[in-house]
Amino acid sequence: MYNMVRPFRIDRNILGLRRAFFIISGILVVAALIALPLRSLNFGIEFVGGSSMDFKSTGEITIEQMRQAFDDAQVEGPVVQTANDARTGEPGFIVRVPITDAQQASAVADQIVATLGLSDDSVEVNTINPSWGASVTQTSAIAFAVAIALIIIYIAIRFEYKMGVCAVLSLVHDLLIIVGIYAITGREMTPNVVAALLTIMGYSLYDAVVVFHRINDNMSNTASHSFMTVANHSINQVLMRTINTTLASLIPVLAMLFFGGETLRDFAFAMSIGLILGSYSSIAIATPLYALWKQREPKFKRLRNKFGEGLDEFTVAEQLGE
């Protein structure tokens, strides 16, 4: 019986691209931070208060005619979206306006109906007051804070706190970019988007935990490799799984985005971006940050000095018998 070291497999030098990943992510995050004060988020009426008018069976009326009718009624800032009736499939519109008085909103809706020659029962008006919107904003913020705290606690107990911090930093990276995209595109932030963001946090956390779990399993080989090499090998082991999981999740989300109604599209738009970012950040942000942090520990610092800053070929020692 004798010891023999064999190559495990040829790894892609993914963590060797970490500087490029950090530059790309840095540009995206800075762009988002610049966009937020310049463009500001377009919060839905659920957050700031206002009225939603659901016009059904509008026939041949165009979106331009609907906007013109609101202009004639001297309503500022109407958000007009086309919509089809879920039961009949007939065309219609959903219009959101910053009117928080229910009687005034009903009066405006009646005026629009008269202007466009629609039937009296073709519109439904829902009004949300600002105090309720503030409550929704507060509960959404609390939900995010609690979710992030629980993520750190879970990973700290299951693995170690450094992994939890790196996972949360990758989550913040994802959320900032998504919110920045919403600011740049002017898409409306609704409770559906908040639900999508919370769901995205779960997907992103899952991808990070899968990589961290593999790193934990490979820690026994750190005596013969730098920690960066072990982390890179761990990413290579789960890379195809991450890609397949992301694609399997993305296909139905894209179907909702292109073929669903407006409510589903709000959810699917955030989800589609988040699924891609979540997979990217677990590999390009969470893992390299953790590896860089871990290499500062005395044990792994000595290994880094021994094996160098680069990535060597990952190998495992096997006990082979005659």
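Preceding this section is the structure that the text describes.
The numbers attached to residues start from 1 for each chain and follow its sequence in the written order. Owing to the predicted nature of the model, reporting of local features is limited to residues with pLDDT of at least 70; listing and counting of side-chain atom pairs is limited to 80 or more, with chain, interface and lining totals taken over all residues. The side-chain numbers reported here are obtained from all heavy atoms of the structure, hydrogens and water having been left aside.

**Q** Please provide a residue-by-residue account of the sheet that holds strand 5 (residues 91–97), values included.
**A** Strand pairing follows a simple DSSP-based rule, namely that at least 2 bridges must link the two strands. Here a helix means four or more residues in a row that DSSP labels H or I, a strand means two or more in a row labelled E, and each is numbered from the N terminus. Ordered by their spatial adjacency, four strands build an open sheet running 4-5-3-6, and the pairing between neighbours is antiparallel. Looking at which strands have only one partner, the edges of the open sheet turn out to be strand 4 (79–84) and strand 6 (123–128). Direction aside, the axes of adjacent strands within the sheet are offset by 15 degrees on average. Bridging between strand 3 (residues 50–55) and strand 6 involves six bridges; their strand directions are antiparallel. For Ser51, the partnering residue across the bridge sits in strand 6 and is Thr127. Convention adopted: a line fitted to C-alpha atoms gives each axis, helices being fitted over their contacting stretch, and angles between N-to-C directions are expressed from 0 to 180 degrees.

**Q** Describe a nonpolar patch on the surface, listing the residues and the values that go with them.
**A** What goes into a patch is any residue over 30% in relative accessible area without a salt bridge, connected to like charges within 9 Å or, for nonpolar side chains (Val, Leu, Ile, Met, Phe, Trp, Tyr), within 5 Å. Here the accessible surface of atoms and residues is derived via Shrake-Rupley with a 1.4 Å probe, and residues count as covered only by protein chains that are part of the display. Put simply, a salt bridge is a Lys or Arg side-chain nitrogen that is within 4 Å of an Asp or Glu carboxyl oxygen. A cluster of nonpolar side chains, namely Ile142, Val146, Leu150, Ile153 and Ile157, defines an oily patch on the protein surface of about 500 Å² accessible area. Within the secondary structure, Ile142 is located in helix 5 (residues 130–158). Exposure categories follow from relative accessible area, calculated using a 1.4 Å probe and restricted to protein chains: below 20% of the type maximum is buried, above 50% is exposed, and the middle band is partly exposed. By relative accessible area, Ile142 is classed as partly exposed at 46%.

**Q** So what's going on with the pattern of salt bridges? Which residues, and what values?
**A** A complete count under the given rule lists five salt bridges for this structure. Linking Arg214 and Asp217 is a salt bridge whose minimum nitrogen-to-oxygen distance equals 3.7 Å. Taken together, the positions of Arg214 and Asp217, both in helix 7 (residues 191–218) and three residues apart, correspond to about one turn of that helix. Salt-bridge contacts for Lys294 lead to Glu297; the nearest nitrogen and oxygen are separated by 3.2 Å. The exposure class of Lys294 is buried, given its relative accessible area of 7%.

**Q** For the nonpolar core, give the residues involved together with the corresponding values.
**A** Remark: nonpolar core denotes a set of buried residues (Ala, Val, Leu, Ile, Met, Phe, Trp, Tyr, Cys) joined through side-chain atoms within 4.5 Å. Core analysis: the largest hydrophobic core is formed by 56 residues, its most contacted members being Ile155, Leu197 and Phe212. Looking at this core, the elements that each hand over two or more residues are helix 1 (18–39), helix 5, helix 6 (161–185), helix 7, helix 8 (227–259), helix 9 (262–294) and helix 10 (298–307). What Phe212 contacts, discounting residues up to four positions off in sequence, is Phe159, Met163, Cys166, Ala167, Ala286, Thr287 and Tyr290. Counting 21 residues, the second largest nonpolar core, distinct from the first, contains Met66, Phe93, Ala105 and Ala109. Residues count as neighbours in contact if any of their non-hydrogen atoms are within 4.5 Å of one another.

**Q** So what about the packing of helix 7 against helix 8? Which residues, and what values?
**A** When two helices pack together, their arrangement is given by the angle between their axes and by how far apart the axes lie. As a packed pair, helix 7 and helix 8 sit with axes 8 Å apart at the nearest point and diverge in direction by 145 degrees. For the pair helix 7 and helix 8, the sense of crossing is right-handed. Of the residues in helix 8, those in contact with Tyr203, Tyr206, Asp207, Val210, Val211, Arg214, Ile215 and Asn218 of helix 7 are Phe227, Val230, Ala231, His233, Ser234, Ile235, Gln237, Val238, Arg241, Thr242, Thr245 and Ser249. Counted by class, the contact of helix 7 with helix 8 contains ten nonpolar, seven polar and three charged residues. By definition, turning the near helix anticlockwise from the far helix through less than a right angle yields a left-handed crossing, and turning it clockwise yields a right-handed one. Three categories are distinguished: nonpolar for Ala, Val, Leu, Ile, Met, Phe, Trp, Tyr, Cys and Pro, charged for Asp, Glu, Lys and Arg, and polar for the others, with Gly belonging to the last.

**Q** Break down the packing of helix 3 (residues 63–72) against helix 4 (residues 102–116) for me, with residues and values.
**A** Where helix 3 contacts helix 4, the two axes come as close as 10 Å, and the packing angle between them is 125 degrees. Judged on the interaxial angle alone, helix 4 and helix 3 are oblique. By crossing handedness, the relation of helix 3 to helix 4 is classed as right-handed. Where helix 3 abuts helix 4, its residues Gln65, Met66, Ala69, Phe70 and Asp72 lie against Val108, Gln111, Ile112, Thr115 and Leu116. Partitioning the contact of helix 3 with helix 4 into residue classes produces six nonpolar, three polar and one charged. Under this scheme an angle from 65 to 115 degrees is roughly perpendicular, one under 35 degrees roughly parallel, and one over 145 degrees roughly antiparallel; angles in between are oblique.

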